[in-house]
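The primary structure of each chain is shown beneath.
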Amino acid sequence: MIDLKNLTIKKAHGHLTKGDFSALELAEAYLKNIEAKNKELNAYLEVFNDVREQAKEADKRIKAGKAEVLTGIPLAIKDNILIQGRRVGAASKILDGYVAPYDATAIKKLKDKGAVFLGRTNCDEFAMGGSTENSAYGVTKNPHDTSRVTGGSSGGSAAAVAADLALAALGSDTGGSVRQPASFCGVVGFKSTYGAVSRNGLIAMGSSLDCVGPIAKTTEDAEIIFDCICGKDALDSTSIELSTINLQRSIKELKIGVPRNFIETEGIDAEVLKDFNESLLRLKKAGAKIVDVDLPSLQYALACYYIIMPAEASTNLARFDGVKYGPRISGTNGINDYFKTRALFGPEVRRRILLGTYVLSAGYYDAYYGKALAARSRIRMDFENVFNKVGIIAVPTSPTPAWKIGEKTDPLSMYLADIFTVTANIAGIPAISVPSGKTKAGLPLGLQLMAPVGGDEKLFNVCKSIF
Ligand code: GLN
């Protein structure tokens, strides 16, 4: 029996190369768990039917002495990242039955290393949401308490890793969709500097915010995946080669900034605040200096995000017209087909298309979209100023632990839950969520650390030294 609970990518690699178990045996252990638990959790929308063949290929590489750290490692992939020849649908009916014609760049890089793809995971439709309740294929349940949400939008990926249905996973993060579900499920989620991972082959939501990122059990595992998928890519003109800055090798001498005024607002759960303060204490004990910082424009971050994101999403989703992708519902004429097909979008996606179209319309562009862009520049400047004084900024990942399925009925209350995560996407900076503790009822909580552009590795180093 393979001890999946305590397995990490690094340990699995050791066992695979020593011959303690084969990639096939490892994949089969995960398939068995999926068989036992996925019906209830709904983490996977599809388990691939060639997992054993993929694992056998990996075993050939391992036998030939050509194993790299990701060879034979079973991964789960969010349903908005393309794998050639396989179905992909962003958990939307409008892409039902659509088959990806090419590999996302991140997928290609993982394939080159011999990783094994177990299946595609559930998410909010087109990654729009924070609970996976917006999926057209049912909610994903939190493995720590199945009456609660996993967070989202990469909820299926986070649940799969937390319940040992995959060793690690890929998600996407536009406003927190990797970090927040990771915190709700007690695992690690990482969003890189904008552009560090190619967006080629990621179904677009908000293109100036979207990042593909890893969800894993440890910081080290998240780093292994990030190191594999990062890099400049000719197929994404916004991608960059990360020039690493100021590698903080240890936590000693590190100054950590805490925007107290922003954190201690009325919406924050008392247990979250307590856990956050305990995390700061741990960082302090490890040698870091904790200082208060002021980021005055953060109060505009959520409003800014909920204008820029729908604006970009509304244009990105214009392509789903029944002609180029997915099903086409036939009506009486071309325009009627279009309306009928577009009605396959779920309510949250429609809401964002409407909002985005509104803020971009001639009469309101300056009042909303233009203002949001100005606010975005201010937020970026505020971060730059603060990063002149501190190396890292700490905030909780989410103001509350995982809520009950069905509890948040109005969209606004769901948007408010993104308060601590959207800022990193607006500023384009790297951020990581690491498990920091649990509530009395046993629900996981996450600590989020942010670094300046290029500080990705610094975040890994700091987290590895204490969490
Ligand atoms: N919860 C946020 C939203 O609903 C973030 C989504 C994401 O990062 N994809 O937009």
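Here goes a summary of the coordinates provided. (Residues numbered from 1 in each chain as written. Predicted model: local features only at pLDDT ≥ 70, side-chain atom pairs only at ≥ 80, totals over all residues. Heavy atoms only, no water.)

Attention shifts here to the site of the ligand. By nearness alone, 15 residues border the ligand, and T174, G175, S177, Y305 and R352 come closest of all. Between the ligand and T174, the relevant distance is 2.8 Å, taken from an oxygen atom to a main-chain nitrogen or oxygen of the residue. In the model, an oxygen atom of the ligand is placed 3.3 Å from a nitrogen or oxygen of the Y306 side chain. Protein coverage of the free-state accessible area of the ligand, which is 290 Å², stands at 99%. (Near = heavy atom within 4 Å. Polar contact = N/O pair within 3.5 Å; in protein donor to acceptor, adjacent residues only side chain to side chain. Areas by Shrake-Rupley, 256 points an atom, 1.4 Å probe, with all protein chains shown as cover.)

The next thing to look at is the pattern of salt bridges. Counted under the stated rule, the structure contains 24 salt bridges. R120 is the salt-bridge partner of D79, the closest N and O atoms lying 3.0 Å from each other. Separated by 41 residues along the polypeptide, D79 in the loop between β2 (74-78) and α4 (105-112) and R120 in strand β3 (residues 116-121) bring together distant segments of the chain. A relative accessible area of 9% means that R120 is categorised as buried. (Salt bridge = Lys/Arg side-chain N within 4 Å of Asp/Glu carboxyl O. Helix = DSSP H or I, 4+ residues; strand = E, 2+ residues; numbered from the N terminus. Buried < 20%, exposed > 50% of the residue type's maximum accessible area, 1.4 Å probe, protein only.)

Attention shifts here to empty space enclosed by the protein. If you walk through the whole model with that rule in mind, you get 3 cavities of 30 Å³ or more. Lining the largest cavity are 14 residues, and of these G129, G175, S177, Y305 and D418 sit closest to its centre. Counted by class, the lining of the largest cavity contains 5 nonpolar, 7 polar and 2 charged residues. (1 Å grid on protein atoms, 1.4 Å probe; cavity = no way out; pocket = protein on both sides within 12 Å on 5 of 7 lines; lining within 4 Å. Points joined across faces, edges and corners; volume = space filled by probe spheres on them. Nonpolar A, V, L, I, M, F, W, Y, C, P; charged D, E, K, R; others polar.)

What follows covers helix α11 (residues 334-342). Considered for burial, the residues of α11 that qualify are D337, T341 and R342. Buried residues of α11, viewed axially, fall in a sector of 120 degrees; they line one side. Looking at α11, the residues exposed on the side facing more than 90 degrees away from the buried face are I335 and F339. Along its buried surface, α11 packs onto α12 (347-360). (Arc of directions from axis to C-beta. Contact = heavy atoms within 4.5 Å.)

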